[in-house]
Amino acid sequence: MRKRIIAGNWKMNETIDESVALASAIKSSLFEIDDPEVVLCPPFTSIARVGEIIYGTAIELGAQNMYWEQSGAYTGEISPPMLKALGCRYVILGHSERRGLFGETDAVVNRKIKACLENGLSPIVCVGETLEKREAGVTREIVSKQFTRSLAGISGEDIKRCVIAYEPIWAIGTGRTATPVQAQEVHAFIRSLIAESFGREAADEVRIQYGGSVNPDNAGGILSQPDIDGALVGGASLKAESFCRIVLS
Ligand code: PGA
């Protein structure tokens with residue numbers, strides 16, 4: 001059985017004080033919850049403080065990005081050991097905002113995923129199509145290409161430590177969610193890709209999250225689908241009440 005995983009992607013929101021308030025409110029509702037797994041991904045500047053707040057609970061810490069080198073002359077970048085030292089367990093990689101706004105290619109995402117795994121961190125690997133591609137009927141081609149290229153060279157053991165997030169770009173921050181049926185269809189397809197590349201056992205174990213305008217009202221329907229193992233939540237993770245309602249739905 002795959003344990004559900006609900007992650008809050010705070011994106012470039014929340015100062016330290018705001019992060020402390022948000023994490024504290026989430027903790028007060030969820031400190032006893034260990035199923036589903038809950039992950040908070042604050043901006044880099046707040047990771048340390050949020051880590052202190054959730055310390056001793058089952059709530060896990062994640063980052064939203066990372067560079068693949070261990071250290072060195074890479075101005076502005078953050079390395080895997082730095083995130084490990086803060087207590088991070090997860091790193092969101094290949095988010096469509098990183099791909100679209102910051103030019104991250106599948107090859108870049110692949111290097112980051114490898115570095116993440118080599119350093120004992122688990123990547124949350126994002127894939128998803130634009131509205132144009134969905135309307136052109138090529139969702140599967142796009143998702144398959146991103147999946148294959150981003151995860152090239154990953155071993156059958158390491159894939160089990162990855163979480164895949166299916167995030168249709170047209171549903172991110174738009175209030176327009178994929179229907180449970182639309183999302184399930186792509187999730188089942190992604191699971192078939194895992195089976196093809198890494199075997200059935202891996203396909204049964206890897207968790208696949210849905211992301212894109214998930215809120216307390218639509219979470220139940222989405223999470224009831226057989227191949228949807230959790231959610232990557234953006235906007236609705238910035239309010240403790242809505243995030244906790246998603247976790248508990
Ligand atoms: P959203 O973002 O929930 O605000 O649509 C999801 C994401 O980008 O991870």
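Given the structure is predicted, the values throughout are model-derived calculations rather than measurements. (Residues numbered from 1 in each chain as written. Predicted model: local features only at pLDDT ≥ 70, side-chain atom pairs only at ≥ 80, totals over all residues. Heavy atoms only, no water.)

Details of the packing of helix α1 (residues 16–30) against helix α2 (residues 44–54)
So, point 1. Put simply, α1 and α2 touch, their axes get as near as 9 Å, and they point 30° apart. Relative to α2, the element α1 lies roughly parallel. As for the relative orientation of α1 and α2, their crossing is right-handed in sense. Listed contacts from α2 to Ile-16, Ser-19, Val-20, Ala-23, Ser-24 and Lys-27 of α1 are Thr-45, Ser-46, Arg-49, Val-50 and Ile-53.
So, point 2. Residue composition of the contact of α1 with α2, grouped by class: five nonpolar, four polar and two charged. (Axes fitted to C-alpha atoms, helices over the stretch in contact; angles between N-to-C directions. Helix = DSSP H or I, 4+ residues; strand = E, 2+ residues; numbered from the N terminus. Parallel < 35°, antiparallel > 145°, perpendicular 65-115°, else oblique. Left-handed = near helix turned anticlockwise from the far one by under 90°. Contact = heavy atoms within 4.5 Å. Nonpolar A, V, L, I, M, F, W, Y, C, P; charged D, E, K, R; others polar.)

Considering the packing of aromatic side chains
So, point 1. The tally for this structure, following the rule as stated, stands at four aromatic pairs.
So, point 2. Ring centres 5.0 Å apart and planes at 45° place the aromatic pair Tyr-67 and Tyr-74 in the tilted group.
So, point 3. Take Tyr-67: its relative accessible area is 17%, and that puts it in the buried class.
So, point 4. With a relative accessible area of 32%, Tyr-74 lands in the partly exposed category.
So, point 5. With a centroid separation of 6.4 Å and an interplanar angle of 75°, the aromatic rings of Phe-147 and Phe-198 are classed as edge-to-face. One end of the pair, Phe-147, is in helix α7 (residues 139–150); the other, Phe-198, is in helix α8 (residues 180–198), with 51 residues separating them in the sequence.
So, point 6. Through successive ring pairs, a cluster of aromatic residues spans Tyr-67, Trp-68 and Tyr-74. (Phe/Tyr/Trp six-rings, centres within 6.5 Å; stacked < 30°, edge-to-face > 60°. Buried < 20%, exposed > 50% of the residue type's maximum accessible area, 1.4 Å probe, protein only.)

Don't take any of this as a statement about function, it's just geometry.
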